[in-house]
Amino acid sequence: MDAYTEFAQVYDDFMEDVPYAQWKDYLVQVLHEAGIFDGLVCELGCGTGKMTRLLAQSGYDMIGIDASAQMLSIAQGYDRNGILYLQQDMREFELYGTVRAVICICDTINYLLEDGELLQVFQLVNNYLDPGGLFLFDLNTEYKFQQLMGAQTFCEHKEIGSLIWENYFDTEERINQYDLTLFIRTIQGLYQKYEETHYERSYTLAEVKTYLKQAGMQFVSACDADDYGPVRDDSERIYILAREHGKHPDEEGSTPDRI
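Residues numbered from 1 in each chain as written. Predicted model: local features only at pLDDT ≥ 70, side-chain atom pairs only at ≥ 80, totals over all residues. Heavy atoms only, no water.

1. Side note on the packing of helix α5 (residues 117–128) against helix α7 (residues 205–214)
Close contact between α5 and α7 brings their axes to 9 Å; oriented N to C, the two are set at 45 degrees. In terms of orientation, α5 and α7 fall into the oblique class. Relative to α7, the crossing made by α5 is right-handed. Facing L118, L119 and F122 of α5, the residues of α7 in contact are V208, Y211, L212 and Q214. Tallied by class, the residues present in the contact of α5 with α7 amount to 6 nonpolar, 1 polar and no charged. (Axes fitted to C-alpha atoms, helices over the stretch in contact; angles between N-to-C directions. Helix = DSSP H or I, 4+ residues; strand = E, 2+ residues; numbered from the N terminus. Parallel < 35°, antiparallel > 145°, perpendicular 65-115°, else oblique. Left-handed = near helix turned anticlockwise from the far one by under 90°. Contact = heavy atoms within 4.5 Å. Nonpolar A, V, L, I, M, F, W, Y, C, P; charged D, E, K, R; others polar.)

2. Focus: the environment of A75
For A75, the location among the structural elements is in helix α4 (residues 69–76). Residue classification places A75 among the buried positions, given a relative accessible area of 1%. Considered as a pair, A75 and K50 are 25 residues apart in the sequence and their alpha carbons are 7.7 Å apart. The contact partners of A75, leaving out residues within four places of it in the chain, are G47, T48, G49, R53 and Y85. (Buried < 20%, exposed > 50% of the residue type's maximum accessible area, 1.4 Å probe, protein only.)

3. A short note on the sheet that holds strand β9 (residues 191–201)
Spatial strand order, β6-β7-β8-β9: 4 strands in an open sheet with antiparallel pairing. Edge strands, defined here as strands with exactly one partner in the open sheet, are β6 (153–158) and β9. Mean inter-strand twist for the sheet, computed between neighbouring axes without regard to direction, equals 15 degrees. Where helix α6 (residues 142–149) meets the sheet, it contacts β6, β7 (161–170), β8 (175–185) and β9, and its direction lies at approximately 110 degrees from that of β7. (Pairing = 2+ DSSP bridges.)

4. Observations regarding the packing of aromatic side chains
In total, this model carries 11 aromatic pairs according to the counting rule given. Ring plane angle 75 degrees and centroid distance 5.8 Å describe the contact between F122 and F135, whose orientation is recorded as edge-to-face. Within this pair, whereas F122 is found in helix α5, its partner F135 is found in strand β5 (residues 129–140), the two being separated by 13 residues in sequence. Across this residue pair, the class does not change: F122 and F135 are buried. Feature note: the residues Y26, Y228 and Y239 constitute an aromatic cluster, connected by ring pairs. Sitting above the plane of the Y78 ring, R53 keeps its charged end 3.7 Å from the centroid. (Phe/Tyr/Trp six-rings, centres within 6.5 Å; stacked < 30°, edge-to-face > 60°. Lys NZ or Arg CZ within 6 Å of the ring centre and 35° of its normal.)

5. Side note on the nonpolar core
Counting 33 residues, the largest nonpolar core has L44 and F135 as its most contacted members. Listed by contribution, the elements that provide at least two residues to this core are β1 (39–44), β2 (60–66), β4 (99–104), α5, β5, α7 and β11 (237–244). A per-element tally of this core places α5 first, with 7 residues. With residues near it in sequence (within four places) discarded, L44 still touches I65, M90, F93, V102, I103, C104, T108, V121 and V125. (Core = buried A, V, L, I, M, F, W, Y, C linked by side-chain atoms within 4.5 Å.)

6. Looking at the layout of surface pockets
In this model, the second largest pocket occupies a volume close to 190 Å³. Lining the second largest pocket are 15 residues, with T141, E142, Y203, T204 and L205 sitting closest to its centre. Within the residue set of the lining of the second largest pocket, elements represented by two or more residues are β5 and α6. Here the lining of the second largest pocket is built from residues that sort into 6 nonpolar, 5 polar and 4 charged. (1 Å grid on protein atoms, 1.4 Å probe; cavity = no way out; pocket = protein on both sides within 12 Å on 5 of 7 lines; lining within 4 Å. Points joined across faces, edges and corners; volume = space filled by probe spheres on them.)

Rendered as structure tokens:
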């Protein structure tokens, strides 16, 4: 079963506690510290566009990329604010030129399951970054999958419907399976049942650093996503910042033309 199909229509309702505004403040701070106050920024795995819109409101010309037509349909229902949305698989995404930064949050990177896919995405990101451009992304950690998710089942009920979220973490493959069961209320007051299965893979910071280097990027820093301090053994989510450093602005043909 495909992920983010029927779940898309209630995603924002069940994710309303996600601190998007707080995350946006951190992302903007990092961009400002790098001297990126405006210009083109691409968000991979933009989903319903919540963060894309917040960054657009912060002065950036946003491109939002997601593989789910249903999620993008929700995003396009809001004020576009000049945002360009593209339905693309991040493992094969294409832009018409380079961007100042690429953002990828909400554990989108964890959805890369197969060997080589992480490097593949890093290489594409590096290709479409301006010389010295930034790549900022987050990851759910193995600690979170193994110790906090594990074989846990979570349930949530709202006026729009109910969600049952069952987890199973395969310690050998390091893949967490999410089985979602949705009961979405219809106009008639009845409930329609839907099911989706999602998979996320855990990656170590050492693996990420290796793939970033192989992709031509420079690892800059990593921090705990909750307190922005050093990464700990019990960090649940981490932010990783990398920089393109292989291109030179004066080298003809070294990068695509800017959009």
